[in-house]
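Chain by chain, the residues run as shown.
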Amino acid sequence: MRARVLAAVTAVTLLVVGAPAPADGAPAVAAAPGAAVPCPRLPAPKVSRPPRPVPPASVPEQQVVGGEALGAPGLVTPPGSPAPPAVTAATWLVADLDSGAVLGACGPHVYGTPASTQKLLLAATMLNRLDPKQVAVATRDDLDIEPGSSAVGLLVGGRYSVETLWLGLLLQSGNDAANMLARLGAGSARAGVAEMNAEARRLGALQTHAVTPSGLDGPGQFTSAYDLALIARACFADPRFGRYALTERAQIPAQPALKKGGFQIQNENQLIYRYPGALGGKTGFTELARHSYVGAAQRGGRRLVVTLLGAEARPVRGWQQGAQLLDWGFSLPREASVGKLVEPGELDAAKDGPAGKAPVAAAPARPEPAPWRGPGGTALRRMADGDWQIIVPVAGLLALTVGGVAAVLAARRGRARRRGRRRA
């Protein structure tokens, strides 16, 4: 019985999360006949980096989310548009935050590693779940981050408001703040990552798989320039995110009980200081991912967002590459487009019928079941996300329960046979 339960849970986990398979990383679908158009590249100095991870196998349907043209591995721009600026980023995308129109891109569905831009997915997942005035105590597990990685400087036993944690996350890229926010929003950092992956699927970011709340590198962790734009759009739709992302400096409170004073942190995103109309965004860097960047700005009644992955800081820093691409996007006419950012839930709705069409109404559709809530719902969700810390105990409990029921039934059958023999 235990084996059957574990097998069933494993099957559900594979259906929900997916099992990446090795591939060469080349997109399976091209946007148009002929060779891909190469992206304008700035020469960058060679750097030493860990071996690139093998991306998941390319899925044709995922390669064209947002439009057929976005399946191209190279440059995609509107006909007759000026050439975009040369950058060091491996992939990038510029889109309209309001209309969702994609104005241009370079390899929008090519897999890349997110670094700290993944914190935007944490924000998109948890902003509406947490009261900014809630005060929580930091634990040792919250501070379990890679030595030397970015941190706000939280203290074990320190008391911090959720709003302070968001500021620490977005201004200082605090990995300690990321762990704590994931725990507060879902019960544990691991459960928080599972919720982030569920949110990515809801948004249509099908190429995104989080392994850590912070974006610290982990096996199987990927995203794409297109997915980052979907996630950023969800973030900028929340006024609180916009306020946090534009905050220039914030105060981390003193901890009298720990005899530690407070200190100030500053926003690391130079776009908000140097680009007229900047709305904010997020920087990111690891040795593996190199520089990643998300930035947004408004001009002339338009709000654009730029995402880029795999950039080098020389000869032009990541935020400056983003600024140049934003300038290029603002120079295009409002109707310019090579695709679109899908709406949250749109891809799920498209599965209701063949080729994205609504199903024939043969019978009234049954309403969707209400989402699981409470401890039981949390446990089921954690099992579906492959949390073996709860799968094994639950499987054991089920096995003991079934075994106990079987023993009781066997005892009853034995008594019935004995009574039958006495009656004879």
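Residues numbered from 1 in each chain as written. Predicted model: local features only at pLDDT ≥ 70, side-chain atom pairs only at ≥ 80, totals over all residues. Heavy atoms only, no water.

The next point concerns the overall build of the protein chain. Secondary structure summary: the protein chain contains 13 helices and 11 strands in total. With 424 residues in all, the protein chain has 45% of them scored as buried. At a minimum sequence separation of 6, the contacts of the protein chain that also span at least 24 residues come to 72%. Within the structure as shown, the protein chain displays about 20,800 Å² of accessible surface, and the carbon and sulfur contribution to it stands at 58%. (Helix = DSSP H or I, 4+ residues; strand = E, 2+ residues; numbered from the N terminus. Buried < 20%, exposed > 50% of the residue type's maximum accessible area, 1.4 Å probe, protein only. Contact = heavy atoms within 4.5 Å. Areas by Shrake-Rupley, 256 points an atom, 1.4 Å probe, with all protein chains shown as cover.)

A few words now on the state of the cysteines. Inspection of the entire model under this criterion finds 1 disulfide. Paired by a disulfide, C39 and C106 hold their sulfur atoms 2.0 Å apart. Note on the C39 and C106 pair: the S-S dihedral is about 105°, so by sign convention the disulfide is right-handed. Note that C39 is positioned in the loop between α1 (2-17) and α2 (60-63) and C106 in strand β3 (residues 101-106), a separation of 67 residues in sequence. Overall, C106 belongs to the buried group, its relative accessible area being 0%. (Disulfide = S-S within 2.5 Å.)

It is worth spelling out the pattern of salt bridges at this point. Enumeration according to the criterion identifies 12 salt bridges in this entry. Note that E199 and R202 form a salt bridge whose closest N and O atoms lie 2.9 Å from each other. Of this pair, E199 and R202 both sit in helix α6 (residues 189-203), 3 residues apart, which is roughly one turn of the helix. The class of R202 is partly exposed, set by a relative accessible area of 40%. (Salt bridge = Lys/Arg side-chain N within 4 Å of Asp/Glu carboxyl O.)

Okay, α6 next. For α6, spanning 15 residues, the distance from its first C-alpha to its last is 21 Å, which sits close to the expected 21 Å at 1.5 Å a residue. Residues of α6 that are buried include every one of A191, G192, V193, A194, E195, M196, N197, E199, A200 and L203, and no others. In the stretch just after α6, G204 is the one whose phi turns positive, near 95°. (Expected span 1.5 Å × (residues − 1).)

With that settled, consider the pairing of strand β10 (residues 302-311). Among the 10 residues that make up β10, 8 are buried, leaving the element largely enclosed by the rest of the structure. As defined by bridge partners, strand β2 (residues 91-96) adjoins β10 across 6 bridges and the pair is classed as antiparallel. Residue pairing for β10: L93 is matched across the bridge by T307. Of the pairings in the sheet, the one linking strand β9 (residues 290-299) to β10 comprises 8 bridges and is antiparallel in character. Bridge pairing links Y293 to L308 in β10. What sits between β9 and β10 in their antiparallel hairpin is a turn of 2 residues, with G300 showing a positive phi close to 60°. (Pairing = 2+ DSSP bridges.)

Here we take up the packing of helix α4 (residues 162-172) against helix α5 (residues 175-186). One can describe the packing of α4 onto α5 by two numbers: an axis separation of 9 Å at closest approach and a directional angle of 140°. Relative to α5, α4 is oriented oblique. Once α4 is placed against α5, the crossing between them reads as left-handed. Residues V162, L165, W166, G168 and L169 of α4 pack against A177, A178, M180, L181 and L184 of α5. (Axes fitted to C-alpha atoms, helices over the stretch in contact; angles between N-to-C directions. Parallel < 35°, antiparallel > 145°, perpendicular 65-115°, else oblique. Left-handed = near helix turned anticlockwise from the far one by under 90°.)

Before going further, it helps to examine the environment of P132. Tracing the backbone shows P132 in the loop between α3 (119-126) and β4 (135-137). P132 sits 33 residues away from L165 along the chain, and the two C-alpha atoms are 8.9 Å apart.

Moving on to the confidence of the model for the protein chain. Mean pLDDT over the protein chain: 83, with 75% of residues reaching 70 or higher. Across residues 1-34, where pLDDT falls below 50, the model places 61 contacts with residues more than four positions away in sequence or in other chains. A low-confidence stretch, residues 355-392 stays under pLDDT 50, and its non-local contacts, those more than four residues away or across chains, total 36 contacts. (pLDDT = per-residue confidence, 0-100.)

Before going further, it helps to spend a moment on the pairing of β3. Burial within β3 is extensive, with 6 of its 6 residues counted as buried. Bridge count between strand β1 (residues 75-76) and β3: 2 bridges; the pairing is antiparallel. The partner of V76 across the bridge, within β3, is A105. Where β2 meets β3, 4 bridges bridge the pair, whose relative direction is antiparallel. Paired with L93 across the strands is A105, a residue of β3.

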